[in-house]
Amino acid sequence: MLNQKTCLGIESTAHSFGIGIMDSDGKCLANATDMYRPREGWGIHPMEASEHHKKVCDDVLQKALADAGVSMRDIDIIAFSQGPGLPPCLHAGLNFAGKLAEKNKKPLVGVNHCIAHIEIGRLTTGLDDPVTLYVSGANTQVLAFVSGRYRCFGETQDIGIGNALDKFGRGVGLEFPAGPKIEKMAGKGRYIELPYVVKGMDLSFSGIVTEALKKYTMHQSRGNSDSLKQSNKAFLSDLCFSLQETLFAMLTEVTERAMAHTGKNQALLTGGVAANSRLQEMLDIMCRERDAKFRVVDRAYSGDNGAMIAWTGMLAFDSGIKTKKEILPRQRTDGVEVRWI
Ligand code: ATP
Ligand code: FE2
C-alpha cells in the first residue's frame, strides 16, 4: 500500500510537453499537455521542440495546478521523464523539474518513458501482468515483466511504426500525422503484396515503406481525366489497406510469440498508434484465440502525457529508488530496476 501522497510528473521526451498530477490512490487530478507542431512537411526539429517546451512550461504548470485544484505546497514528489528521448527536449524537462524541486524543496525522481506507458496502462486497464505492445511515432517495442525488470522481447530495428506510416503518408501527399488518414483510406482496399519483415522477434519497417512508395510511383498515371484520378485514388486505398495489414500482422505475430514465450495471458496496447481500430481488431482476435485478455489504453493516457510520469514517479519513489539529476537519452527499458512489483 502506498502512503497518501501527490506526485507531479513532467513529460518532455519529444514533441509533447505535459504535466500530470496523480495521487497515491491512482486518481488522476490533472493531465495538461501542450504539443509542438513542426512546420508543414517537416519532421520534429529537436531544438525547436525544446524551445517550445521552455516557452510553454509555466503555463502548462499553472493549468495542471488549477485543474487539480492544488498548489505546489500540496505536491510531495516531482517526477520527470529521464529517457529515452531527444536530448534537448529531455534537458528542457529536467531543468524545469530541477528548478521546481529546488524552489519548493521536493524530492526529484527520474522516470523511464516506456515504463511509464506500461504503468499507466496497468493502472487504468486493470491488467496486472501484461505483454505490452507500445507503438508510437518513434517507438515500437514488445515488453513484459520478467525477473525484476521490464524486458524487451522484440522491437524495431529501424524506425518506429508511427514514423513509418507518416513517412508513407508524406510520400503520397497525406498530411501529418498520416496514421489516421491511412486508416480511413484503408477501409475500401484490396491486398497488394508487400515485404513482411520479422527477424527473430525484431521488426523492420523502412524497406516496406520504400516498396509501397515504389509501387505507388509506378502506378501513377499522369493526366487529368476523372477516370484516371479515380484509378489513382483506388490504388492508394489498396496500398493503405495492404500497408496496415502487413505492418499490423507483423506486430501481432511478435506480440503473440512473446505471450507464448512468457506464458502470460494478458496483452496491453499503448502509444499513439494504439488508436488504430484495425490493429486493435487483430490483437483482439489473437487474444481471443489464446483465451487471453486484451485491453487498449484510453486515448488520454496512450499518447505521451504527464500523468504516466507522475504515476510511475510515485511508484519508484515509494520503492526507494534514488535518481541522479541527469538525462539518459538512450536509456533502455530493461536497464531500469523495477522494485515496486
Ligand atoms: P513517442 O515520442 O513516444 O514515440 P510520439 O509523440 O512520436 O511518441 P504518439 O503521439 O504516441 O507519438 O503517436 C503519434 C503517432 O501515432 C503518429 O505517427 C501518428 O501517425 C500515429 N497515429 C495516430 N493515430 C493513428 C491511427 N488511428 N492509426 C495509425 N497511426 C496513428
Ligand atoms: Fe511515448
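Each remark here, short or long, concerns the structure printed above.
Residues numbered from 1 in each chain as written. Chains lettered and ligands numbered in written order. Predicted model: local features only at pLDDT ≥ 70, side-chain atom pairs only at ≥ 80, totals over all residues. Heavy atoms only, no water.

(A) Quick peek at the overall build of the chain. Broken down by element type, the chain carries 10 helices and 12 strands. Relative to its length of 341 residues, the chain is compact, with a C-alpha radius of gyration of 21 Å against a globular reference of 20 Å. Taken along the three principal axes of its C-alpha coordinates, the chain extends 70 × 45 × 30 Å. Across the 341 residues of the chain, 53% fall into the buried class. (Helix = DSSP H or I, 4+ residues; strand = E, 2+ residues; numbered from the N terminus. Rg over C-alpha atoms; globule rule 2.2 N^0.38 Å. Buried < 20%, exposed > 50% of the residue type's maximum accessible area, 1.4 Å probe, protein only.)

(B) Here's a closer look at the pattern of salt bridges. Tallying each qualifying case throughout the model produces 17 salt bridges. Here Asp67 makes a salt bridge to Lys63, at a shortest N to O gap of 2.7 Å. You can see Asp67 and its partner Lys63 sitting in helix H1 (residues 46–68), four residues apart, about one turn around the helix. Residue Asp67 is classed as partly exposed on the basis of its relative accessible area, which comes to 44%. (Salt bridge = Lys/Arg side-chain N within 4 Å of Asp/Glu carboxyl O.)

(C) View of the packing of aromatic side chains. Enumeration over the complete set of coordinates arrives at two aromatic pairs. Here Phe17 and Phe96 contribute two aromatic rings whose centre-to-centre distance is 6.0 Å and whose plane-to-plane angle is 70°, an arrangement assigned as edge-to-face. One end of the pair, Phe17, is in strand E2 (residues 16–23); the other, Phe96, is in helix H2 (residues 87–104), and 79 residues separate them in sequence. Residue class for Phe17 comes out buried when judged on its relative accessible area of 0%. For Phe96, a relative accessible area of 13% gives the class buried. (Phe/Tyr/Trp six-rings, centres within 6.5 Å; stacked < 30°, edge-to-face > 60°.)

(D) View of the sheet that holds strand E12 (residues 293–296). Read from one edge of the open sheet, five strands run E8-E7-E6-E11-E12, paired in mixed fashion. Both outer strands of the open sheet, strand E8 (149–155) and E12, are each paired with one neighbouring strand and no more. Each neighbouring strand pair of the sheet contributes to a mean axis angle of 20°, computed without reference to strand direction. In this sheet, E12 lies alongside strand E11 (residues 266–270) in parallel orientation, the contact comprising four bridges. Within E12, the position partnered with Ala267 by the bridge is Phe294. Packing of helix H3 (residues 113–125) onto the sheet brings it into contact with strand E6 (131–135), strand E7 (140–146), E8, E11 and E12, and relative to E11 it is tilted by some 120°. Relative to the sheet, helix H8 (residues 277–290) contacts E6, E11 and E12, its axis offset from that of E12 by approximately 165°. (Pairing = 2+ DSSP bridges. Axes fitted to C-alpha atoms, helices over the stretch in contact; angles between N-to-C directions. Contact = heavy atoms within 4.5 Å.)

(E) Quick look at H1. In H1, a bend of some 50° at Val56 exceeds every other bend along the element. Among all positions in H1, only Ala49, Ser50, His52, His53, Val56, Cys57, Val60, Leu61, Ala64, Leu65 and Ala68 are buried. Looking at the buried positions of H1, the neighbouring elements they touch are strand E1 (6–11), E2, strand E3 (28–35) and H2. Gly69 sits one or two positions beyond H1 and adopts a positive phi of about 70°. (Bend = angle between axes of the 7 residues up to and from the residue.)

(F) How the structure looks around the sheet that holds strand E5 (residues 108–112). A sheet is described by the order of its strands in space; here five strands give the open sequence E3-E2-E1-E4-E5, paired in mixed fashion. Strands with a single pairing partner mark the edges of an open sheet, and in this sheet they are E3 and E5. Along the sheet, successive strands turn relative to each other by an average axial angle of 20°, direction set aside. For E1 and E2, the ladder comprises six bridges, and the chain directions are antiparallel. Among the inter-strand pairings, Ile10 is bridged to a residue of E2, identified as Ile19. Packing of H2 onto the sheet brings it into contact with E1, E2, strand E4 (77–83) and E5, and relative to E4 it is tilted by some 160°.

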